[in-house]
Amino acid sequence: MSSSRFRRAALALAGAVEGAHQGHADFRVGKRIFATLGYPDDDWGMVKLTPEQQSVLVEAEPEIFRPVPGGWGKYGNTNVRLAKADATTLRSALTMAWQNIAPKPKTATRGRNKS
């Protein structure tokens, strides 16, 4: 997987836009970041998962995923080794990260009589 394919996959998610954060490309829905490229270097991306999601992916694919070093990793921030990730695995991780921060659809409220 290349950084350009990571970028295309991230931007294919509904409402996703590219920005920049601390010198790295990031991908957001609204003002919230769900993924970045280039951290800690050009060989890596990062997805914002829940700690539970992170645990599952790191256990299943330790050559692809690892917790971000330091405190951020404890909260689910997960590095993705681009060279090892295939398109399906990356799309799945990006989609989870996007779902974690994307606005939830508003539930329809039923009309109520106020009589």
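In what follows, the structure referred to is the one given above.
Now for a description of the structure that goes with this document. What you see is a predicted model; the values in this text were computed from it and never measured.

Scoring rules and cut-offs
- Residues numbered from 1 in each chain as written.
- Predicted model: local features only at pLDDT ≥ 70, side-chain atom pairs only at ≥ 80, totals over all residues.
- Heavy atoms only, no water.
- Helix = DSSP H or I, 4+ residues; strand = E, 2+ residues; numbered from the N terminus.
- Buried < 20%, exposed > 50% of the residue type's maximum accessible area, 1.4 Å probe, protein only.
- Polar contact = N/O pair within 3.5 Å; in protein donor to acceptor, adjacent residues only side chain to side chain.
- Contact = heavy atoms within 4.5 Å.
- Salt bridge = Lys/Arg side-chain N within 4 Å of Asp/Glu carboxyl O.

### Side note on the side chain of N79
- When you line up the elements, N79 lands in strand β6 (residues 77-81).
- The exposure class of N79 is buried, given its relative accessible area of 0%.
- Looking at N79, its side chain comes within polar contact range of the main-chain oxygen of Y39, at 3.0 Å.
- With near-sequence residues (within four places) excluded, N79 lies in contact with Y39, P40, W44, G45, M46, I64, F65, R66, P67, V68 and P69.

### Concerning the pattern of salt bridges
- If you walk through the whole model with that rule in mind, you get two salt bridges.
- Linking E18 and R7 is a salt bridge whose minimum nitrogen-to-oxygen distance equals 2.9 Å. With E18 in strand β1 (residues 16-21) and R7 in helix α1 (residues 3-11), the pair connects residues that are eleven residues apart, well separated along the chain.
- Relative accessible area serves as the criterion here: at 37%, E18 is assigned to the partly exposed category.

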